[in-house]
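Each chain is listed here by its residues.
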Amino acid sequence: MNKTKMVSEKGVSSNSRILILLSQLEKANADPVMFDTENAKHITSKILHLIQTQEKTKKEMTAKGSSGIEIILSTLESSRDPQTILNVLYILNELISATGGRRVGVLISKGGTQIILQLLLSASKESPPSEELMVQLHSILAKAGPKDKKFAIKARISGALNITLNLVKQNLQNSKLILPCLQVLRVYSGNSVNAVSLGKNGAVELMFKIIGPFSKRNTSLMKVTLDTFAALLKSKSNARRAVDRGYIPMLLAIYQDWHRHDIRHRHMLIRKGILGCIKNITNVKLGRKAFLDADGMRLLYSTSQECLPVRTLDPIVNISSLIMRKCFPKNRLPVPTIKSVFNYHLPVILANGPVAQLYSLPPEVDDVVDESDDNDDIEAENETETEDDEKDHSLKFLSLLQNEDIETDINKLRPKQDLCRPPEELKYYERFFVELTEDFQGYNSGTEEVASNIPVSEPKFSGAIVVPTADQEPAACLNSVKGEKKTLRTDEESKQTLNSSFSTADLENQTSSLDMNNFQVCSEIPNSTKHLSSQCLNHELVRDMDRLSLGGECASKNLRYCPSKYVNGQNSKISHECSDCCNGCQSISESIVPSVVDTTTETTYVDEAENDDDSSSHSSSDQGFLEVPDTAALLPLHDPDLYIETVKNTKSVPEYTEVAYPDYCGHIAPSFKEPILERLYGVQRAKIFQDIERLIQSNDIIDKVVYDLDLPSCPVIDEGDSLKFNSQFESGNLRKAIQIRKFEYDLILNPDINSNHYHQWFYFEVSRMRSGISYRFNIINCEKSNSQFNYGMQVLMYSVQEAQNGRPHWVRTGTDICYYKNHFSRSSIAAGGQKGKSYYTMSFTVTFGHKDDVCYFAYHYPYTYSTLKMHLQKLESLRTPEIYCRQDVLCDTLGGNSCPVLTITAVPDPKHYENIFQFRNRPYIFLSARVHPGETNSSWVMKGTLEFLMSNNSVAQSLREAYIFKIVPMLNPDGVINGNHRCSLSGEDLNRQWQNPNPDLHPTIYHTKSLLQYLAAIRRTPLVFCDYHGHSRKKNVFMYGCSIKETVWQTNVNATSCDFQEDLGYRALPKILSQIAPAFCMSSCSFVVEKSKESTARVVVWREIGVQKSYTMESTLCGCDQGKYKGLQIGTKELEEMGAKFCVGLLRLKKITAPLDYRPNSHFLDIDTELIESSCKITSPTTYVLDEDEPRFMEDVDYSAESNDEADAELNENPGDYDTCTQEDLPSDSETIERRNLH
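The rules behind each value
The numbering scheme is per chain: residues are counted from 1 as the chain's sequence reads. Under the rules for a predicted model, residues below a pLDDT of 70 receive no local features and side-chain atom pairs below 80 are neither given nor counted, while totals for whole chains, interfaces and linings still include all residues. Here the side-chain values reflect all heavy atoms present in the structure, with hydrogen atoms and water set aside. We count a stretch as a helix when DSSP gives it H or I for four or more residues in a row; a strand needs E for two or more, and each element gets its number in order from the N terminus. Contacts are assigned to residue pairs that have any heavy atoms within 4.5 Å of one another. Here the accessible surface of atoms and residues is derived via Shrake-Rupley with a 1.4 Å probe, and residues count as covered only by protein chains that are part of the display. DSSP calls a pair of strands paired once it identifies at least 2 bridges connecting them. Whenever a helix is involved, its axis is fitted only over the stretch in contact; in every case the axis is a line through C-alpha atoms, and angles between N-to-C directions fall within 0 to 180 degrees. By convention, a stacked pair of Phe, Tyr or Trp rings (six-membered ring in the case of Trp) has centres within 6.5 Å and planes under 30 degrees apart, an edge-to-face pair has planes over 60 apart, and any other such pair is tilted. Accessible area is worked out with a 1.4 Å probe on protein chains only. A residue is then buried under 20% of its type maximum, exposed over 50%, and partly exposed in between. Look at NZ for Lys and CZ for Arg. If either is within 6 Å of the ring centre and within 35 degrees of the ring normal, a charge sits over the ring. For this document, the term salt bridge refers to a Lys or Arg side-chain nitrogen within 4 Å of an Asp or Glu carboxyl oxygen. In this text, buried Ala, Val, Leu, Ile, Met, Phe, Trp, Tyr and Cys residues form a nonpolar core when linked through side-chain atoms within 4.5 Å. When describing relative orientation, an angle under 35 degrees is termed roughly parallel and one over 145 degrees roughly antiparallel, while 65 to 115 degrees is termed roughly perpendicular and anything else oblique. Handedness of a helix crossing follows the sense of rotation of the near helix relative to the far helix, less than a right angle counterclockwise being left-handed and clockwise being right-handed. The arc in question is the one traced by the directions running from the helix axis out to the C-beta atoms. For the purpose of counting charges, residues Lys and Arg are taken to be positive, whereas Asp and Glu are taken to be negative. His and the chain ends are not included.

Caption draft 1: Quick peek at the overall build of the protein. Assigned secondary structure in the protein consists of 48 helices and 24 strands. Sequence-distant contacts, at least 24 apart, represent 80% of the contacts inside the protein between residues at least 6 apart. Accessible surface, the protein: about 49100 Å² in total, of which carbon and sulfur atoms supply 50%.

Below, the structure written as structure tokens:
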């Protein structure tokens, strides 16, 4: 390194010059006694000149390893010369003004803020203090303070708060001085203690003196003052002080003045600042009341409407809507009690159970509206955060919850087979495993059903069953038969009718008489070229469940049923239609298109020998039969008659007597794609403004109850031209419907029985609609803080008219869909002890294609308990001699419904003992589904699995030969039947009862666990356990598993100190599925064990039964964002495909573990190198998912669910609903192998 030469300044580079000057200044600082004031002044002025003129000089002074900042700060401490001090302050200001961030960090790390505060304290003692010195000091503090985490404490301890505040008070006319002072006050106020202290010393009143009406002068000062005022008002005490001073009406007047005069929108930040002050004041109850009293709702509504056409004013509109929503008067839900309409008396009520707590509450306690200020500040902070800040806040918040929830006790993480049951008790369950002792000599291929000794109630049925269909009520008989439905008869009555009134031989001749006695049908006969609205006739179709059937006993051998379409009252095309219908439902297959056809299909019976001319006589009748599309060819497992018979054996708490048409007729997956709905900008905001209009513009508000289950004698209020609602059928859920406007309805869902919450699943019927009219539906008591409805998911709709036209589909429908917080207050009891919570609204708009149609809406594709029973019976009929299929009754549920358990495998050849030996040593696969009733997609996946296992496919045969399947297809029949979302009749989440299930309250879980315990006791632990679920807040299909190491990696526990071995076999099946199943996403899988999931099936079976490959398979309710189905909503076809692909994955798993078939489960080796070292990345390590699991939509507002105020509650309620870690959080595959080698 060359020595520095003393030459003239002109011949020295700028970098060398600054180094020389700094060296000289350092020498001067080294000897305070001999400190040369003039020399220091001269040096600092030269340094200042270099910094102001050359950017390289700034970089040199703040470069890594440079001592420039330290020298400058040392000079500031040692100098007493005012000019030298100012020079140094100018230098510091120049340094931190350019790029900010890193240079400010260097200043703070060197103790710069503390030195500046000390200098401020010293300078304030002068009388009068130097104006320029104060300006420079506060300018530096305003820039450095926000970056210094301890700045607020330093300022308070040093006494700087009052110094700055007094400077503003004494210099209100000196804008040059008070501008930086206000900026520093804003930084001070970021600390709540400082804000309270400043408020007590008059800061609130001081800020209001500076704020004024519209003026083009000092707009910068106005903006800074408003920001400082808003920061002060985040304190509740300051907000109340502002209310007491009457600032709310004055702020509204100031805002209105700026709004009127700022025609060119040049001062949008000032207008936004005024609104920010109002928003913070309204965080407290007194502020909200003052806002309403000042008619703030109307003022902000009108100004917002004027701002809507200008897109750049969206920030003003957004904050205005936040204020209005916050101040909208809190109301309780318009229901008598938040408890369920239905009540079921339990055989046992545990003292500390949810039911005991629910019914031990005093009357009316659950109806109290809580308008306290608790959590107001937190919510307000969340609302004002920027997108990045909000994301960081969410990550930190959920990261904290994650660390607390992840299991860190290694002893608890180690799987320990603990049967907890004496062998004599488990021996009872031998009857469910007769396949292990069967010798198959003379094996009967017919259906074999093993009776259980567990008491099973006899089916009981009383009354009649109604099948709703397309309904048009005649004007002439509205008073007499309004809303009335004819009912279906019981078996005994129907048989008597069949024997007495007609025979199959004269069925054709008595068609007219038959129709008049049993049906009321008036059909709208459409014109082929135009609609004949004048011919809208009464159309009520009701079917006797025994008298008429699809190809039933009453039909003659030469008669068949087929749908025939009327054209201009003629029937010239009947023969063609019938021909198509008879050829394997070709007409239905060809008609599976998304278009809506305005025609009416009627069912008639036609003689096969008749020609086209003869057939016309049957179509001219004014009566007809219940229109049921011939879906047999496309729905081999669906039989409407069998479904009716099954329904009669189903027991519900409300004792349903009606059948939903979609369940009766069936659903065929549409052939067209249903893309994820693209969210339009401004939809949510528009609906929120419509809600606000209810309060300030109530002229068009009807507010009429049209359906109410709390009125058991008359749930349907049949008045006027309102829509008609119904949910009194299996799996139905709609408690109340209120007509708000002519075409807008508020809907309230019923909570789970013996509960006061879990509002998510809905399934209801709507009729008496107009075509071409947009109807808005608002479900107003949702509980989750966010939903996939905000990210493209649509509701499901089934049109009876479309089904009768040959399109029996559940289709995704609805526009303007959004999900946001509303003004209905949740009681702290229903919110788990949390105060100040609100319900959420899920709003959607539908335009119906047919007048007076009957339509059904559902949260997801319905799959009832009766549908399952029907499907199981149909599956048994498909069994071939090669298939071993046995259906047992596992137990009776609380409601008296049987819980089926299936055994499926391949029948061995009994001629050779080795075949029997191989059969008895086949590994078990244990599958279950539908523990949560609202997760209907799990039943569709299970349907796909069952159909594949029972098929004649060669892969299915190989699978049956490889494994024995034990399947419990529906763990919560009672919840499914009664329209619950999450609980059984015990009011508890059954997937949280696996650790210690009660045989009386949780019989299905108790006996299912006992089956697994029995297998473990006889050393036949299942190779795979999988519980099928649905996920409401993530896309794709994925799995949750259990891993000790992956759990430890997410904690602070030192993994190298953990003495345990673990192979990666648990990753094999998910990896296989990611390769063969289009909807499956490996990157969404997780293998972390959380404390809150300790009592779930996945964790208990892994820990207590010893099943290493124990999974929860989650299927999205929305759609996929990757793979073949990217951008599409998921349908039943894709769900059933997933169930079949799961089976194929098991066969591939068999090939991987084939050499280990006969080894104990606890000694399975790692999966092969290909799976470990493949390109598939390690997946997300935890089941947490952010409230904002999706990319944010354009409206960056707190309407939807941006606040994370319910994330903690949802962690306990929803398994697998949170995921804060990204893929990068886990080690790579190579790192995984390295860690394994370490142990």
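After that view of the structure, there is still more to cover.
Caption draft 2: Highlighting the sheet that holds strand 7 (residues 736-741). Ordered in space as 5-7-8-10-14-13, the six strands form an open sheet in which the pairing is mixed. Of all strands in the sheet, those bounded by a partner on one side alone are strand 5 (704-708) and strand 13 (815-825). Recorded for the sheet is a direction-independent mean angle of 25° between the axes of neighbouring strands. For strand 5 and strand 7, the ladder comprises four bridges, and the chain directions are antiparallel. For Tyr707, the partnering residue across the bridge sits in strand 7 and is Ala737.

Caption draft 3: Region of interest: the packing of aromatic side chains. Per the counting criterion, the structure on display carries 41 aromatic pairs. Taking 5.9 Å as the distance between ring centres and 70° as the angle between the ring planes, the aromatic pair formed by Tyr301 and Phe689 counts as edge-to-face. Note that Tyr301 is positioned in helix 19 (residues 296-307) and Phe689 in helix 34 (residues 683-696), a separation of 388 residues in sequence. Each of the two residues, Tyr301 as well as Phe689, counts as buried. Three or more aromatic residues joined by ring pairs make a cluster, and in this case those are Phe725, Phe743, Tyr745, Phe762, Phe764, Tyr775, Phe777, Phe789, Phe844, Phe848, Phe857 and Tyr859. Positioned above the aromatic ring of Tyr839 is the side chain of Arg826, whose terminal nitrogen or guanidinium carbon lies 5.7 Å from the ring centre. The ring of Phe1038 has Lys1034 sitting right over it, with the charged end atom 4.8 Å from the ring centre.

Caption draft 4: Summary view of the sheet that holds strand 6 (residues 724-726). Pairing is antiparallel in the open sheet, where five strands are placed in the order 6-9-15-11-12. Because the sheet does not close on itself, it has two edges, and the strands there are strand 6 and strand 12 (810-813). This sheet shows a mean twist of 30° between the axes of neighbouring strands, independent of strand direction.

Caption draft 5: View of helix 43 (residues 1068-1076). With seven of nine residues buried, helix 43 is to be regarded as a mostly interior element. Every buried residue of helix 43 is accounted for by Ala1068, Leu1069, Pro1070, Lys1071, Ile1072, Leu1073 and Ile1076.

Caption draft 6: Structural context of the pattern of salt bridges. The tally for this structure, following the rule as stated, stands at 38 salt bridges. Residue Glu205 pairs with Arg245 through a salt bridge whose shortest N-O separation is 2.9 Å. Of this pair, Glu205 sits in helix 13 (residues 203-210) while Arg245 sits in the loop between helix 15 (236-244) and helix 16 (247-261), and the two are 40 residues apart along the sequence. Note on Arg245: relative accessible area 40%, which makes it partly exposed. Between Asp989 and Arg992 there is a salt bridge, and its shortest N-O distance comes to 4.0 Å. Overall, the relative accessible area of 8% leaves Asp989 in the buried class. Each member of the salt-bridge network shares a partner with another, and the members are Asp691, Glu693, Arg694, Asp700, Arg741, Glu744, Asp746 and Arg776.

Caption draft 7: Focus on the nonpolar core. The biggest cluster of nonpolar side chains holds 121 residues, and the ones touching the most others in it are Phe725 and Phe777. A per-element tally of this core places helix 45 (residues 1132-1153) first, with eight residues. Of all hydrophobic cores here, the second largest spans 111 residues; its members include Leu22, Leu167, Leu198 and Ile688.

Caption draft 8: Representation of the pairing of strand 19 (residues 964-968) within the structure. Counting buried positions along strand 19 yields five of five residues, so the element is predominantly enclosed. Side chains of strand 19 alternate between two faces, with Ile964, Lys966 and Val968 and Phe965 and Ile967 buried alike. Bridge analysis of strand 17 (residues 898-906) against strand 19 gives three bridges, and the strand direction is antiparallel. Residue Leu902 lies in a different strand from strand 19, and its bridge partner there is Ile967.

Caption draft 9: Quick look at the pairing of strand 10 (residues 774-782). The buried fraction of strand 10 is high, at eight of nine residues. Summarising the sheet, strand 8 (residues 744-748) and strand 10 pair through four bridges and their orientation is parallel. Looking at strand 10, one finds that Glu744 is bridged to Arg776. Taken together, the seven bridges between strand 10 and strand 14 (residues 838-847) define a ladder with antiparallel strand orientation. Directly across from Ile779, in strand 14, lies its bridge partner Met842.

Caption draft 10: Structural detail: the packing of helix 16 against helix 19. Packing of helix 16 against helix 19 leaves a shortest axis separation of 11 Å and a crossing angle of 20°. Accordingly, the angle class assigned to the pair helix 16 and helix 19 is roughly parallel. In this structure, the crossing between helix 16 and helix 19 has a hand that is left-handed. Of helix 19, the residues touching helix 16 (which contributes Leu252, Tyr255, Gln256 and His259) are Gly296, Leu299, Leu300, Thr303, Glu306 and Cys307.

Caption draft 11: Layout of the packing of helix 32 (residues 640-648) against helix 36 (residues 865-877). Contact geometry of helix 32 with helix 36 gives a least axis separation of 9 Å together with a crossing angle of 125°. Between helix 32 and helix 36, the angle is such that the two are oblique. Both helix 32 and helix 36 take part in a crossing whose hand is right-handed. The segment helix 32 lies against helix 36, with Leu642, Tyr643, Thr646 and Val647 engaging Ser866, Thr867, Lys869, Met870, Gln873 and Lys874.

Caption draft 12: Molecular detail of helix 9 (residues 151-158). Within the sequence span of helix 9, burial applies to Phe151, Ala152, Ala155 and Ser158. Taken around the axis of helix 9, the buried residues stretch over an arc of 140°, which confines them to a single face. Packed against the buried residues of helix 9 are helix 7 (112-124), helix 8 (131-144), helix 10 (160-170), helix 11 (175-188) and helix 12 (192-200). A positive phi of about 85° marks Gly159, the residue just after helix 9.

Caption draft 13: Representation of the side chain of Glu935 within the structure. With respect to the helices and strands, the residue Glu935 is situated in the loop between strand 18 (924-929) and helix 38 (937-949). With no salt bridge to any partner, buried Glu935 finds its closest opposite charge in Arg982, at an N-O distance of 4.1 Å. Leave out the neighbours within four places in its chain, and Glu935 touches Arg930, Arg982, His1029 and Gly1030.

Caption draft 14: Inspection of unusual backbone geometry at higher detail. Pro128 follows Ser127 through a cis peptide bond whose omega is -10°. When you line up the elements, Pro128 lands in the loop between helix 7 and helix 8. If you check the backbone angles, Asp816 has positive phi at about 50° while not being a glycine. Looking at the element boundaries, Asp816 is found in strand 13. What makes Asp816 partly exposed here is its relative accessible area of 32%.

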